[in-house]
Amino acid sequence: MARRRLSEAIRWQIIGMHATGASFKAIGRQLGYHYTVISRLVRKHRQIGAVKDRPQSGRPRVTSEREDRALLRIIRREPFSTSTVLKRAWLPNRHLSTRTVRNRLKAAGMAARRVIKRPRLTDDHKRRRLAWCLARQRWNLRTWRRIHWSDESRFLLHVTDGRLRVWRHRNTAYTPRNIRQTVPFGGGSVMVWGCISHDCKLDLVTIRSNLTGDQYMRHVLEPVVVTHFDNHPLATRPVYMDDNARPHRSRAVVDYLQNNAVTTLPWPAMSPDLNPLEHVWDILGRRIQALQPPVQTLRELEAALHREWLQVTREQIRRLTGGMRRRVDAVIRARGGFTRY
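Residues numbered from 1 in each chain as written. Predicted model: local features only at pLDDT ≥ 70, side-chain atom pairs only at ≥ 80, totals over all residues. Heavy atoms only, no water.

Named according to an unreviewed UniProt entry, the protein is Transposase originating from Littorina saxatilis.

A.B. asks: Is there a simple way to think about the sheet that holds strand 4 (residues 239–241) in this case?
C.D. replies: Across a sheet, paired strands are connected by hydrogen bonds in the backbone, their directions being either parallel or antiparallel. Overall, mixed pairing links the five strands, which are arranged 3-2-1-4-5 in an open sheet. Of all strands in the sheet, those with a lone pairing partner are strand 3 (205–207) and strand 5 (263–264), marking the two edges. Bridge count for strand 1 (residues 147–156) against strand 4 is three bridges, and the pairing is parallel. If you follow Ile147 over to strand 4, its bridge partner there is Val239. Against the sheet, helix 12 (residues 298–311) contacts strand 1, strand 2 (189–196) and strand 3, and its axis sits at roughly 15° relative to strand 2. (Pairing = 2+ DSSP bridges. Helix = DSSP H or I, 4+ residues; strand = E, 2+ residues; numbered from the N terminus. Contact = heavy atoms within 4.5 Å. Axes fitted to C-alpha atoms, helices over the stretch in contact; angles between N-to-C directions.)

A.B. asks: Which parts of the structure should I look at to understand empty space enclosed by the protein?
C.D. replies: In this approach the atoms are scanned with a rolling probe the size of a water molecule, which exposes any empty space left behind. What the rule picks out here adds up to one cavity of 30 Å³ or more. Taken as a whole, the largest cavity encloses approximately 60 Å³ of empty space. Every residue lining the largest cavity is listed: Arg118, Pro119, Leu121, Arg129, Met270, Pro272, Asp273, Phe338 and Thr339. Its residues assigned to classes, the lining of the largest cavity comprises five nonpolar, one polar and three charged. (1 Å grid on protein atoms, 1.4 Å probe; cavity = no way out; pocket = protein on both sides within 12 Å on 5 of 7 lines; lining within 4 Å. Points joined across faces, edges and corners; volume = space filled by probe spheres on them. Nonpolar A, V, L, I, M, F, W, Y, C, P; charged D, E, K, R; others polar.)

A.B. asks: I would appreciate a short explanation of the pattern of salt bridges in the present structure.
C.D. replies: Working definition: two side chains of opposite charge can pair if their charged atoms are close together. Here the structure, examined in full by the defined rule, presents 17 salt bridges. A salt bridge links Asp68 to Arg61; its shortest N-O distance comes to 2.3 Å. Here Asp68 falls in the buried class, since its relative accessible area comes to 13%. Ionic pairing is found between Arg287 and Glu308, a salt bridge with its closest N-O pair at 3.8 Å. In this pair, Arg287 is assigned in helix 11 (residues 277–289) and Glu308 in helix 12, connecting sequence segments 21 residues apart. (Salt bridge = Lys/Arg side-chain N within 4 Å of Asp/Glu carboxyl O. Buried < 20%, exposed > 50% of the residue type's maximum accessible area, 1.4 Å probe, protein only.)

A.B. asks: Can you help me understand the packing of helix 4 (residues 65–77) against helix 6 (residues 98–107) in this one?
C.D. replies: Packed helix pairs are specified by the crossing angle of their axes together with the interaxial distance, meaning the distance between the axes. At a minimum axis separation of 10 Å, helix 4 and helix 6 run at an interaxial angle of 85°. It follows from the interaxial angle that helix 4 and helix 6 lie roughly perpendicular. For the pair helix 4 and helix 6, contact is made by Asp68, Leu71, Leu72 and Ile75 and by Val101, Arg104 and Leu105, respectively. (Parallel < 35°, antiparallel > 145°, perpendicular 65-115°, else oblique.)

A.B. asks: Looking at this structure, how should I read helix 1 (residues 8–19)?
C.D. replies: Each α-helix turn comprises 3.6 residues. Residues three or four places apart therefore point the same way. Spanning twelve residues, helix 1 covers 17 Å between terminal C-alpha atoms, matching the ideal 16 Å at 1.5 Å per step. Two residues or fewer after helix 1 comes Gly21, characterised by a positive phi angle close to 105°. (Expected span 1.5 Å × (residues − 1).)

A.B. asks: Teacher, can you tell me more about the side chain of Arg237 here?
C.D. replies: By the element assignment, Arg237 lies in the loop between helix 9 (213–229) and strand 4. A distance of 3.0 Å separates the side chain of Arg237 from the side chain of Asp230, its partner in a polar contact. In this structure the side chain of Arg237 is engaged in a polar contact, spanning 3.0 Å, whose partner is the backbone oxygen of Asn260. Not counting residues within four places of it along the chain, the set of residues in contact with Arg237 comprises Arg146, Phe229, Asp230, His232, Asn260, Ala261 and Val262. (Polar contact = N/O pair within 3.5 Å; in protein donor to acceptor, adjacent residues only side chain to side chain.)

A.B. asks: Could you clarify how one ought to interpret the nonpolar core in this entry?
C.D. replies: Looking at soluble globular proteins, one finds that nonpolar side chains tend to be buried together. Core analysis: the biggest nonpolar cluster contains 35 residues, and Trp149 and Leu305 have the highest contact counts within it. Secondary-structure elements contributing two or more residues to this core are helix 7 (123–135), strand 1, strand 2, strand 4, helix 11, helix 12, helix 13 (314–321) and helix 14 (324–333). Here the element with the most residues in this core is helix 11; it accounts for five residues. The next biggest cluster of nonpolar side chains, apart from the first, holds 20 residues, and it includes Trp193, Cys195, Val205 and Tyr240. (Core = buried A, V, L, I, M, F, W, Y, C linked by side-chain atoms within 4.5 Å.)

A.B. asks: Whenever I open this one, the packing of aromatic side chains confuses me. Can you help?
C.D. replies: The description of an aromatic ring pair uses the distance of the two centres, along with the angle that the planes make with each other. Evaluation of the coordinates by the stated rule reveals eight aromatic pairs. Seen in terms of ring centroids, Trp132 and Trp144 are 6.3 Å apart; in terms of plane orientation they differ by 40°. Their pairing is tilted. Of the two residues, Trp132 is situated in helix 7 and Trp144 in helix 8 (residues 141–144); the sequence distance between them amounts to twelve residues. Here Trp132 and Trp144 have matching classes, each one buried. Consider the rings of Phe229 and Tyr240, whose centres lie 6.2 Å apart with planes at 80°: the pair is edge-to-face. Here Phe229 is found in helix 9, whereas its partner Tyr240 is found in strand 4, with eleven residues between them in sequence. For Tyr240, a relative accessible area of 0% translates into the label buried. Through a chain of ring-to-ring contacts, three or more aromatic side chains come together here, namely Trp132, Trp139, Trp144, Trp149 and Trp267. A cation sits over an aromatic face here: Lys25 above Tyr35, 5.3 Å from the ring centre. Positioned above the aromatic ring of Tyr341 is the side chain of Arg340, whose terminal nitrogen or guanidinium carbon lies 4.6 Å from the ring centre. (Phe/Tyr/Trp six-rings, centres within 6.5 Å; stacked < 30°, edge-to-face > 60°. Lys NZ or Arg CZ within 6 Å of the ring centre and 35° of its normal.)

Given below as structure tokens:
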């Protein structure tokens, strides 16, 4: 059984009681401690004039500061390495534990954190992203609010988060309540198309199969986009944004948009961080996951997506579209590289 630790107030109380003439055993009986504990405390107070614990050397370090700096150089080169790999690369001829590696990294202010995933950017991607943002750096809200942002997104019926953890005792990994059950391919998925602008939100469209240029025209452009754009005078007609997916750039789609006087916004590849609609998909995904009871079928998932899409408010959308200048500035500061968006 672990020994009870004396608080500083109790220690000073013991010193005071001893100063009034109480014996070690009398103090121990009254406070519930062995008399040897009382005697050691009084002896320490006589020697150093204090009751706090003396500094302890602890276990000697097995690595030097120079070796610790070598570990930090390795982690800067290979930030995704595990502690086992780092141990072998750091001091291969020394008997060290992975705990020592983690302790050295923790002392340097480092910790294993969630990895941020972004599309792979080549030098050409960065140049095109930077050029796109520089050309629109001085756009004001009046210009940005004309842009209609569109995108498709696929939602799984059963989402499996690889970062999920469970609180359990040792040797209980296979207890049924500690197991997260999964199904192949997430149990199926629903693909939807959406479009937002600073002033409006178009109807959500369910994509029933793999999207092609012909389906894009028949199910999205003709019934939703062109119909909405025709309600605007030609002088104040909006600008349509879609990404560089193959169905969006087919010759038939390009001709159809031109024939219907729909102006499109050129788009740099690998730039989801510049599309505010991506954050709306994130809002929908978190709301779907929070539903109680959770959706059980693809039909329920589709209905829930359409219902939650209607619940996205104009204020939420305007907070996203109104921040386009910040997004553009972030890409410029990163010279076309990754941003926090």
